[in-house]
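Structural overview
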Amino acid sequence: MAGASNLGTVSTRQQRIAELAKQAPQRGFTSLNHHMDLVWLYEAFLRTRRDRAPGVDGQTAAAYEADLRGNLQSLLDRAKSGTYRAPPVRRVHIPKGTGTETRPIGIPTFEDKVLQRSVVMVLEAIYEQDFLDCSYGFRPGRSAHQALAALWQNLMQIDGGWILDVDIRKFFDTLDHAHLRDLLAQRVQDGVLLRLIGKWLNAGVLEDGEISYPEEGTPQGGVVSPLLANVYLHYVLDVWFEQQVKPCLGGCAFLIRYADDFIMGFACEEDARRVLEVLPKRFGKYGLTIHPDKTRLVPFVAPGRPKRDSQEPHGGPGTFDFLGFTHRWGTSRKGNAVVVRQTSASRFSRVVRRIAEWCRRNRHQPIPEQHATLSQKLRGHDGYYGITGNSRALSNLRYVVTRLWRKWLSRRSWAGGLSWERFKRLWECFALPPPRVVHSVYRQAVKL
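Residues numbered from 1 in each chain as written. Predicted model: local features only at pLDDT ≥ 70, side-chain atom pairs only at ≥ 80, totals over all residues. Heavy atoms only, no water.

A closer look at the confidence of the model for the chain
To be explicit about the condition: Residue-level confidence of the predictor, termed pLDDT, takes values from 0 up to 100. By the convention used here, residues are in contact when the closest approach between their heavy atoms is within 4.5 Å.
Of the residues in the chain, 92% have a pLDDT of 70 or more, and the chain-wide mean is 89. Of the regions scoring below 50 in pLDDT, residues 308-315 engages in twelve contacts with residues more than four places distant in sequence or in other chains.

Written as structure tokens, this is what we have:
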């Protein structure tokens, strides 16, 4: 449909938008929609995943692609003329990982995803010039491991200090539309883009055969939702912390945010308690609520560090969870105090439950196929959790998975169980891959 040279113009235009946004940090862009042409939409189509579940219209990516040019032209005309109607989002619930609590996920139609992606391509060029270094979630070229590495470096630099572990209650469900529009208007004043975003915010939600129209929130799972969330928290939290909070503190402090999950670190307890006191007021001003039970102040002072009197009643250093890891103080091979990250208990249990269920359901599959899939699952696990200091948890998972595999292989037949001797002979040909540290904090520390 479009050649590589045409696709190259998309990145050129994005770069031009980015340069203008960087040169004028306070500028409000009034004309952006002219960048969205047929080539732009085609690039958005290429960037949209085509293996996802269909939305309320049941249309798949393959069906949409059958008449791609015609569909994209129709989509472009409707978006520019204002006649585009955002379809309701199909809502499903997925387990949160602990207990019976679930997370609502919205599934837009494929065409809606393409249009959302095209708008995100415009807005990213602007806001990537504004977003601060403390933000890592759902940004091009940034990852959770970079956030973890930055957190590790900051903790080591201030010898731990005090950690403010904050949980925003149902952030994506309670995001205030009026405040979001006001925040967006500071940089985006293009009527076409703002009208489309407004339609997505007001699109209905289809659940159990009934359509509802929430007056607040943005569905998780939408293409544009992560960017809108980042814009919201950029102004509400990141800029506020950097420009208003840090200059008033007596000691060093830092903020690490990944989407709506964030950690604040303070060298002084007094600073941490002052921010903890004012944070609910700041969030309340923008319609957000801090979870009182899940938000806590954690003493995270390095062992051997001289303590102030205010720190004595709290005993030794504590622990906190962030991005699937439990952070605590440990000892390096040279005997120095170092921050250690291990797979959190809830994440470890969730992985074990899922692998156990898979082994149960697939116990009658050929052993080579089981071995290949289990090996793939373990390598995928290492791809995220394989970080420096987490080798013990990775080894423990291998141990648990080995026993689970033997357990369900023993139940393939009523003839009898699989003895350890027979399993060891099988293991000689089908050993699971050893644990592997994929992300070295020392290599990342050099890059940052």
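Overview of the environment of V437
Using the following cut-off: Secondary structure elements are defined from DSSP: runs of H or I of at least 4 residues count as helices, runs of E of at least 2 residues count as strands, and each element is numbered from the N terminus.
Mapping V437 onto the fold places it in the loop between α15 (420-429) and α16 (441-447). V437 sits 34 residues away from R403 along the chain, and the two C-alpha atoms are 22 Å apart. Discounting residues that sit within four places of it in the chain, V437 has contacts with G386, I387, T388 and S391.

Observations concerning unusual backbone geometry
With phi around 60°, A259 is a residue other than glycine that occupies positive phi space. Mapped onto the elements of the fold, A259 is located in the loop between β6 (253-258) and β7 (261-266). Even without a glycine there, the phi angle at L323 is positive, about 55°. One can find L323 in the loop between β9 (320-322) and β10 (325-331).

Let's talk about the packing of helix α5 (residues 110-127) against helix α10 (residues 225-245)
The following threshold applies: Axes here mean lines fitted to C-alpha atoms, for a helix over just the part in contact, with angles spanning 0 to 180 degrees between N-to-C directions. Each angle gets one of four labels, with under 35 degrees taken as roughly parallel, over 145 as roughly antiparallel, 65 to 115 as roughly perpendicular, and the rest as oblique. Each crossing gets its handedness from the near helix: less than a right angle anticlockwise from the far helix is left-handed, clockwise is right-handed. Think of it as three bins: nonpolar holds Ala, Val, Leu, Ile, Met, Phe, Trp, Tyr, Cys and Pro, charged holds Asp, Glu, Lys and Arg, and polar takes everything else, Gly as well.
α10 packs onto α5 with a crossing angle of 25° between their chain directions and a minimal axis gap of 11 Å. The orientation of α5 relative to α10 falls into the category roughly parallel. Note on packing geometry: the crossing formed by α5 with α10 is left-handed. Listed contacts from α10 to V120, L123, E124 and Y127 of α5 are L227, V231 and Y235. Classifying every residue of the contact of α5 with α10 by side-chain character gives six nonpolar, no polar and one charged.

A closer look at the sheet that holds β10
Put simply, the rule reads: Strand pairing follows a simple DSSP-based rule, namely that at least 2 bridges must link the two strands.
The strand order across the open sheet built from three strands is β9-β10-β11, with neighbouring strands paired in antiparallel fashion. Only two strands of the sheet have a single partner each, and these edge strands are β9 and β11 (337-343). Across the sheet, the axes of successive neighbouring strands diverge by a mean angle of 45°, strand direction being ignored. Bridge count between β10 and β11: seven bridges; the pairing is antiparallel. The residue bridging G330 from the neighbouring strand is V338, located in β11.

Some remarks on the pairing of β6
How we decide: Relative accessibility decides the category of a residue: with a 1.4 Å probe and only protein chains considered, values under 20% of the type maximum give buried, values over 50% give exposed, and everything between is partly exposed.
Burial analysis of β6 places five of its six residues in the buried class, the great majority of the element. Looking at chain direction, β6 and β7 are connected through six bridges and run antiparallel. Bridge pairing in β7 places A253 opposite F266. Where β6 hands over to β7, the hairpin turn is made up of two residues, of which A259 adopts a positive phi near 60°.

What to know about the packing of aromatic side chains
Rule in force here: Pairing of aromatic rings covers Phe, Tyr and the six-membered ring of Trp, with a centre-to-centre limit of 6.5 Å; geometry is then stacked below 30 degrees between planes, edge-to-face above 60, and tilted otherwise. Note on criteria: charge over ring means Lys NZ or Arg CZ within 6 Å of the ring centre, with the direction from the centre no more than 35 degrees off the ring normal.
Under the counting rule described, the total for this entry stands at 17 aromatic pairs. A centroid spacing of 6.1 Å and a plane angle of 85° characterise the contact between W405 and F423, whose relative ring orientation is edge-to-face. Of this pair, W405 sits in helix α14 (residues 391-409) while F423 is found in helix α15, placing the two residues 18 residues apart along the sequence. Grouping aromatic residues by their ring pairs yields a cluster made of Y42, F45, Y64 and F110. Sitting over the ring of Y136, R142 keeps its end group 4.6 Å from the ring centre. Above the plane of the ring of W408 lies R411, whose end atom (NZ or CZ) is 4.9 Å from the centre.

Some remarks on the sheet that holds β7
Here four strands make up an open sheet; going across it, the order is β6-β7-β3-β8 and the pairing antiparallel. Strands at the two margins of the open sheet, each flanked by one partner only, are β6 and β8 (296-299). Strand-to-strand twist of the sheet, defined as the mean angle between neighbouring strand axes without regard to direction, takes the value 20°. Sheet topology note: the strand β3 (residues 162-166)/β8 ladder contains four bridges and is antiparallel. Paired with I163 across the two strands is V298, which belongs to β8. Its contacts with the sheet put α10 on β6 and β7, and the angle it makes with β6 is roughly 175°.

Considerations on the pattern of salt bridges
Worth spelling out the cut-off: One speaks of a salt bridge when a side-chain nitrogen belonging to Lys or Arg is within 4 Å of a carboxyl oxygen belonging to Asp or Glu.
What the rule picks out here adds up to 16 salt bridges. Its salt-bridge partner being D271, residue R274 comes within 3.9 Å of it at the nearest N-O pair. You can see R274 and its partner D271 sitting in helix α11 (residues 269-285), three residues apart, about one turn around the helix. Of the residues examined, R274 reaches a relative accessible area of 40% and is grouped as partly exposed. Here the salt bridges do not stand alone but share partners, grouping E357, R360 and R361 into one network.

Quick notes on the nonpolar core
Here is the rule: To form a nonpolar core, buried Ala, Val, Leu, Ile, Met, Phe, Trp, Tyr and Cys residues must be joined to one another through side-chain atoms within 4.5 Å.
Counting 82 residues, the largest nonpolar core has M264 and L279 as the members making the most contacts within it. Tallying contributions element by element places α10 first for this core, with twelve residues. Excluding anything up to four places from it in sequence, L279 contacts L164, V166, L237, W240, F262, M264 and I290. Within the second largest apolar cluster, 27 residues are counted, among which are I158, I163, V298 and A302.

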